[in-house]
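# Fold and contact review
Here are the chains, one letter per residue:
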Amino acid sequence: MSGDHDTIPYHSQTNNSDFDDDDDDDDITTLQHSINAPSSSETQPFLASSSSTDTSPIPRKPRNKKQPASTWTKPAWCRSFVKKPMSAEERLTKNWIQKWRQHGRFPFKFVIHAALTAACTALVFMQTLDQTPYHVASYSTFYNVFFPAAFQYQGDYVASPFYVHTIDEVKSSVGHAIENYYTFPNKSINQYAIPGPPTMTVYSYMNCKEVYDTEQSVVDTRTSSASYPLSMSSWGPLGNRTSPPDASLLQDVFFCMEHMTLDFVYSTVHLEFQRPIRYVWYVQMYFDNNVQGGRMPVTLNLKKSPVSSLSYSKLAHVAKIMLDLAVIGLCIASQVLSWLSLAKSWKIFQKTRRIVQREARLTWDQLPFRTKMRFFNMWFVITIVGNLCAILGCVLDLVMDVDSEAGYIPKLLLGLGTLLIWVNMARYLEFDPKYTVLISSLTRGFPNTLRFLIGSIPIFVGFALF
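Moving on to the overall build of the protein chain. Within the protein chain one finds 16 helices and seven strands. Residue pairs in contact within the protein chain that sit at least 24 positions apart in sequence constitute 67% of those at least 6 positions apart.

Right, here's the structure in full:
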């Protein structure tokens, strides 16, 4: 080897076809240069032979002393943006701060998730901050107006029923509701208007005799409805306090009744974000006689609808639309980054599986499940589900009327998505184990807790059915 150095290609000695992605190219190039570089013992004979045959000086390019070599180095903040190679193990084990500082991988996920968290939180606050106190107060007011004085309201947004057992109790509750409906606007501390009279709708079985015929195997349960306008002196088929109908005829009405509703309408004005908005509240008392157990539960169903707004209220509406679109865009970006990261993890997983089966002489099934799952980040599941819920909630919020009967669906989806998005932010605290004590405790204790629950379910179910 006097003057020629036989280069040894790296790939001919080590089969690296399973890890030839972009992140490992730099490591392979560095190792190949270290193998191909000639040693000092091999270069000395070559230099000696060259000097013996040719004694002429080697021409050198004169150095320009007026332009000395630059000693400027990049500052730390600039070096952090220079991409450096990252191995498969580093990709799986290092957190986002280490990848940013040591390998120059800018945390796009963190920036997008932080912006998404802020946008979802602002959207939830915009939908609930001003409406929640108004809804809570209105629900409590209507329960106080239409239900008996002895009724104890159990809480806001809870379907709290009261029960009636006799016809006289039904008449008393109906008369109390009608009287308070007409007198409440004159006693209220806020403005309430009555757009029209209330109505009673009775839903009765079309073939009432079959319902009580025990010889029938299957009866016709179709119903027909009859509506009656109500007033202080007229309670529909119930008569009134001064002139009640015949007791036997009134009892036949209840025998054939499947359910009965009383519908009331109030109009009121609410200052929403310092602008007056008129709402119409639809209040329905529902008497359910379907169980036929000697009592009827009475519930209150509430629904509101805006009927007017000033021109400058469009500003808040446009802001909500912009937030909906921003959440949709950020969720799509987060979803794309999550799928790309999942694809890279899957690629590393497949390569490692081939190496283990070929070189470690182990079957893939012999590895523990916990070892296999180290290739995948369980935060992917929370991210994907949270993004999908937020996207569906914002899309439905754009196309649906939030004050309709199904208006709770977009709010429910958006709330669930916001919850998962906030939980997902905990992944960015993993750079310090002190901030993730709760997550670590749940991760380690959940399998044992799940085994305990599965083992105790048969005993609990047997005890409950005893």
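Moving on to the packing of aromatic side chains. Applying the stated rule across the entire model yields 20 aromatic pairs. Between Phe146 and Phe264, the ring centres sit 4.6 Å apart and the planes meet at 35°, which makes this aromatic pair tilted. Within this pair, whereas Phe146 is found in helix α8 (residues 131-146), its partner Phe264 is found in strand β5 (residues 257-271), the two being separated by 118 residues in sequence. Judged by relative accessible area, which is 1%, Phe146 ranks as buried.

In this section: the environment of Ala226. By secondary structure assignment, the location of Ala226 is in strand β4 (residues 223-229). We classify Ala226 as partly exposed; its relative accessible area is 30%. Along the chain, Ala226 and Ser204 lie 22 residues apart, while their C-alpha atoms are 8.3 Å from each other. Once residues lying within four places of it in the same chain are set aside, the contact partners of Ala226 are Met200, Thr201 and Val202.

Looking now at the state of the cysteines. Inspection of the entire model under this criterion finds one disulfide. Cys389 takes part in no disulfide bond, and the closest cysteine sulfur, belonging to Cys331, lies 9.7 Å away. Taking relative accessible area as the criterion, Cys389 reaches 11% and is therefore assigned buried.

Within β5, eleven of the 15 residues are buried, which leaves it mostly tucked inside the rest of the structure. Pairing geometry for strand β2 (residues 192-193) and β5, over two bridges, is antiparallel. What sits directly across from Tyr192, in β5, is Thr268. Looking at chain direction, strand β3 (residues 199-205) and β5 are connected through six bridges and run antiparallel. Looking at the pairing, Met200 lines up with Leu262 of β5. Of the pairings in the sheet, the one linking β5 to strand β6 (residues 276-288) comprises 13 bridges and is antiparallel in character. The partner of His270 across the bridge, within β6, is Ile277.

A separate point is helix α15 (residues 408-424). For α15, spanning 17 residues, the distance from its first C-alpha to its last is 24 Å, which sits close to the expected 24 Å at 1.5 Å a residue. Close packing links the buried residues of α15 with α7 (108-128) and α14 (379-399).

Glancing now at unusual backbone geometry. Here Gln292, not a glycine, exhibits a phi torsion of approximately 55°, which is positive. Take Gln292: it is sitting in the loop between β6 and β7 (296-308). Residue Gln292 is classed as partly exposed on the basis of its relative accessible area, which comes to 38%.

So, on to the side chain of Ser204. On the secondary structure map, Ser204 appears in strand β3. Apart from residues lying up to four places away in sequence, Ser204 is in contact with Arg222, Thr223, Ser224, Cys256, Met257 and Glu258.

Direction vectors running N to C along helix α9 (residues 167-187) and helix α11 (residues 247-255) enclose 85°, while the axes themselves pass 11 Å from each other. Comparing the axis directions of α9 and α11 gives the class roughly perpendicular. Side by side, α9 and α11 meet where Ile167, Val170 and Lys171 of the first sit next to Leu250, Gln251 and Phe254 of the second. In the contact of α9 with α11, the residues fall into four nonpolar, one polar and one charged.

With that out of the way, let us pick up empty space enclosed by the protein. Scanning all chains against the criterion turns up one cavity of 30 Å³ or more. Here the largest cavity defines a volume of roughly 40 Å³. If you trace the largest cavity, you find it lined by His113, Leu116, Ile382, Thr383, Gly386, Asn387, Leu420, Ile421 and Asn424. Elements with a minimum of two residues in the lining of the largest cavity: α7, α14 and α15. Element by element, the count of residues in the lining of the largest cavity is highest for α14, at four residues.

Pairs can form between side chains of opposite charge whenever their charged atoms are close. Summed over all chains, the structure comprises two salt bridges. Notably, a salt bridge pairs Arg222 with Asp220, separated by 3.0 Å at the nearest N-O pair. When its relative accessible area of 52% is taken as the criterion, Arg222 is described as exposed.

Moving on, we come to the nonpolar core. Ranked by internal contacts, the top residues of the largest apolar core, which has 39 residues, are Phe146 and Met285. Elements with a contribution of two residues or more to this core: α8, β1 (162-164), α9, β3, α11, β5, β6 and β7. What Phe146 contacts, discounting residues up to four positions off in sequence, is His176, Ala177, Tyr181, Phe264, Tyr266, Val283, Met285 and Leu300.

On to the confidence of the model for the protein chain. On average, residues of the protein chain score 76 in pLDDT, and 72% of them reach the 70 mark or higher. Contacts from residues 1-59, a stretch scored under 50 in pLDDT, to residues over four places away or in other chains number 50 contacts.

It is worth spelling out the environment of Phe108 at this point. On the secondary structure map, Phe108 appears in helix α7. As for Phe108 and Leu337, which are separated by 229 residues in sequence, their C-alpha atoms are 8.4 Å apart.

Let us look at the environment of Ser243. In this structure, Ser243 sits in the loop between β4 and α11. For the pair Ser243 and Ser233, spaced ten residues apart in sequence, the C-alpha separation works out to 9.4 Å.

Taken together, Val318, Met322, Leu325, Val395, Leu398 and Val399 make up a surface patch of nonpolar side chains, about 540 Å² in accessible area. Breaking the nonpolar patch down by element, the ones donating at least two residues are α12 (314-358) and α14. In this fold, Val399 is placed in helix α14.

Parameters at a glance
- Residues numbered from 1 in each chain as written.
- Predicted model: local features only at pLDDT ≥ 70, side-chain atom pairs only at ≥ 80, totals over all residues.
- Heavy atoms only, no water.
- Helix = DSSP H or I, 4+ residues; strand = E, 2+ residues; numbered from the N terminus.
- Contact = heavy atoms within 4.5 Å.
- Phe/Tyr/Trp six-rings, centres within 6.5 Å; stacked < 30°, edge-to-face > 60°.
- Buried < 20%, exposed > 50% of the residue type's maximum accessible area, 1.4 Å probe, protein only.
- Disulfide = S-S within 2.5 Å.
- Pairing = 2+ DSSP bridges.
- Expected span 1.5 Å × (residues − 1).
- Axes fitted to C-alpha atoms, helices over the stretch in contact; angles between N-to-C directions.
- Parallel < 35°, antiparallel > 145°, perpendicular 65-115°, else oblique.
- Nonpolar A, V, L, I, M, F, W, Y, C, P; charged D, E, K, R; others polar.
- 1 Å grid on protein atoms, 1.4 Å probe; cavity = no way out; pocket = protein on both sides within 12 Å on 5 of 7 lines; lining within 4 Å.
- Points joined across faces, edges and corners; volume = space filled by probe spheres on them.
- Salt bridge = Lys/Arg side-chain N within 4 Å of Asp/Glu carboxyl O.
- Core = buried A, V, L, I, M, F, W, Y, C linked by side-chain atoms within 4.5 Å.
- pLDDT = per-residue confidence, 0-100.
- Patch = residues over 30% accessible without salt bridge, like charges linked within 9 Å, V, L, I, M, F, W, Y side chains within 5 Å.
- Areas by Shrake-Rupley, 256 points an atom, 1.4 Å probe, with all protein chains shown as cover.

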